[in-house]
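Geometric and topological summary
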Amino acid sequence: MALSIGIVGLPNVGKSTLFNALTSNEALAANYPFATIEPNVGVVPVPDGRLEKLSAIDGAARIIPATVEFVDIAGLVAGASRGEGLGNQFLANIRETDAICQVVRYFSDPDVVHVDGKVNPASDVETINTELILADLATVEKALPRLEKDAKRDKTLVLKLETARSLAAHLGEGHRARTLDLFDEQKGSIRDLHLLTMKPVLYVANVDEGQVAVDLAEIDGCKPVPISAKVEADLAELDPEDAALFLEELGLEESGLARLAREAYALLGLQSYFTSGVQETRAWTIPVGAKAPQAAGVIHTDFERGFIKAETASYEDYVAYNGEAGCRAAGKLRQEGKEYVVKDGDVMHFKFNV
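Here the structure is a predicted model, which is why all the values come from computation and not from measurement.

Scanning the chain for helices and strands turns up 13 helices and 12 strands. Out of the 354 residues belonging to the chain, those deemed buried represent 50%. Within the chain, counting contacts between residues at least 6 apart in sequence, those at least 24 apart form 65% of the total. Working note: accessible area of the chain is about 17,200 Å², and carbon and sulfur atoms make up 51% of it.

In terms of nonpolar packing, the biggest core is built from 63 residues, with V68, F70 and L260 touching the most fellow members. Beyond its immediate stretch of four places on either side in the chain, L260 contacts L22, F70, C101, L202, V204 and I227. In this structure, I133, L161, A168 and L180 belong to the second largest nonpolar core, which totals 18 residues.

With mixed pairing, 6 strands are arranged side by side in an open sheet as β2-β4-β1-β5-β6-β7. Looking at strand neighbours, the two that pair on one side only are β2 (40-45) and β7 (225-227), the edges of this open sheet. Strand-to-strand twist of the sheet, defined as the mean angle between neighbouring strand axes without regard to direction, takes the value 30°. Bridge count between strand β5 (residues 99-105) and strand β6 (residues 201-206): 6 bridges; the pairing is parallel. By the bridge assignment, Q102 is partnered in β6 with Y203.

Across all of its chains, the model carries 4 aromatic pairs by this definition. By the ring-pair criterion, three or more aromatic residues cluster together here, those being Y273, F307 and F350. For R50, the ring lying beneath its charged end belongs to Y315, and the centroid distance is 5.9 Å.

Another point: helix α7 (residues 229-236). All of the buried residues in α7 are A229, V231, E232 and L235. The buried residues of α7 all sit within an arc of 160° when viewed along its axis, so they share a single face. The inward-facing, buried residues of α7 abut α1 (15-23), β6, β7, α8 (240-249) and α9 (256-268).

Their axes nearest at 8 Å, the elements α1 and α7 cross at an angle of 30°. Comparing the axis directions of α1 and α7 gives the class roughly parallel. Handedness of the α1/α7 crossing: left-handed. From α1, T17, L18 and A21 reach across to α7, where they touch A229, E232, A233 and A236. When grouped by side-chain class, the residues that make up the contact of α1 with α7 number 5 nonpolar, 1 polar and 1 charged.

What follows is about the side chain of H170. Residue position: H170 is located in helix α5 (residues 158-172). A residue is classified by how much of its surface remains accessible, and H170, at 12% relative accessible area, is buried. Here L180 takes part through its backbone nitrogen, which lies 3.4 Å from a polar atom of the side chain of H170. If near-sequence neighbours (up to four positions away) are discounted, H170 is found in contact with H175, R176, A177, T179 and L180.

Time to look at the environment of V103. Tracing the backbone through its elements, the reader meets V103 in strand β5. By relative accessible area, which is 3% here, V103 ends up buried. Each residue touching V103, except ones within four places of it in the same chain, is listed here: I7, V8, G9, V13, K15, L18, V204 and N206.

Calculation criteria
Residues numbered from 1 in each chain as written. Predicted model: local features only at pLDDT ≥ 70, side-chain atom pairs only at ≥ 80, totals over all residues. Heavy atoms only, no water. Helix = DSSP H or I, 4+ residues; strand = E, 2+ residues; numbered from the N terminus. Buried < 20%, exposed > 50% of the residue type's maximum accessible area, 1.4 Å probe, protein only. Contact = heavy atoms within 4.5 Å. Areas by Shrake-Rupley, 256 points an atom, 1.4 Å probe, with all protein chains shown as cover. Core = buried A, V, L, I, M, F, W, Y, C linked by side-chain atoms within 4.5 Å. Pairing = 2+ DSSP bridges. Axes fitted to C-alpha atoms, helices over the stretch in contact; angles between N-to-C directions. Phe/Tyr/Trp six-rings, centres within 6.5 Å; stacked < 30°, edge-to-face > 60°. Lys NZ or Arg CZ within 6 Å of the ring centre and 35° of its normal. Arc of directions from axis to C-beta. Parallel < 35°, antiparallel > 145°, perpendicular 65-115°, else oblique. Left-handed = near helix turned anticlockwise from the far one by under 90°. Nonpolar A, V, L, I, M, F, W, Y, C, P; charged D, E, K, R; others polar. Polar contact = N/O pair within 3.5 Å; in protein donor to acceptor, adjacent residues only side chain to side chain.

And the structure:
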């Protein structure tokens, strides 16, 4: 399953610089508002050191990691919900993503102008959240008259109407839609409204180089991920050995991309399982809690439709016993059925018949 994350923030907070570093792309990064007009899209591999070990055991011809799609979206300003700046375009672009990665300026470079004239992370977050809430409120209020009319003829729409009314009141009080306590049927009823504030949000603090290892205070109730866009840009130009040394000097064990990908997976409730053999070692992305047939379906729908069983070993056992044959000999290769809940790092081989 593809994972799409929209990188958003006020103008000049380092969105495009971060995007370029994460994706090795060449999106325009300039010191003036709205340098990004059309959204830049980059698909990048999710760093996972387990793939290299599995590949070495099986002598795989290639490694295929899981991927994340990053979308660098035009800077948002106060009034975007009313079309200020590139607001309407911004809102349309962000509706297409699975999650929002909001980049917040913490760095202090006086040569980079701030759209509001001062560096204030809490204020920046409030500006963007307010605009997203106002945009959602406008969406719900626009839908209500039609829902009220349709629900009189079709009683199956009563739940949707009542949910929309609750959302309008909640949004009107300045709260994100995601914070309203809704049960699954209610959430499903308003899915076609594509509300922006129903999306999970990950905050990235774009810090100075000396702050990358600092434990930052919560902002908007969330722990921001400290990343220096400048450091990530420097890392992108280094070979793996030099990059590792650079990270060590900064007191880091992994790049900003690795941290961002891991946090995004956790945010969206995702995990990886592996398939491995002489042809390829590959990571597959599935929801936490997915059962074996659902995991098989990520490879091909026929695998899910005709699922029989899954030969499964944990990553730890696969490495400890040097692959499938060793796991089988040690009794560590399990035969799992349709009710098996896949665990992160499982190495799997599916049997199916259609």
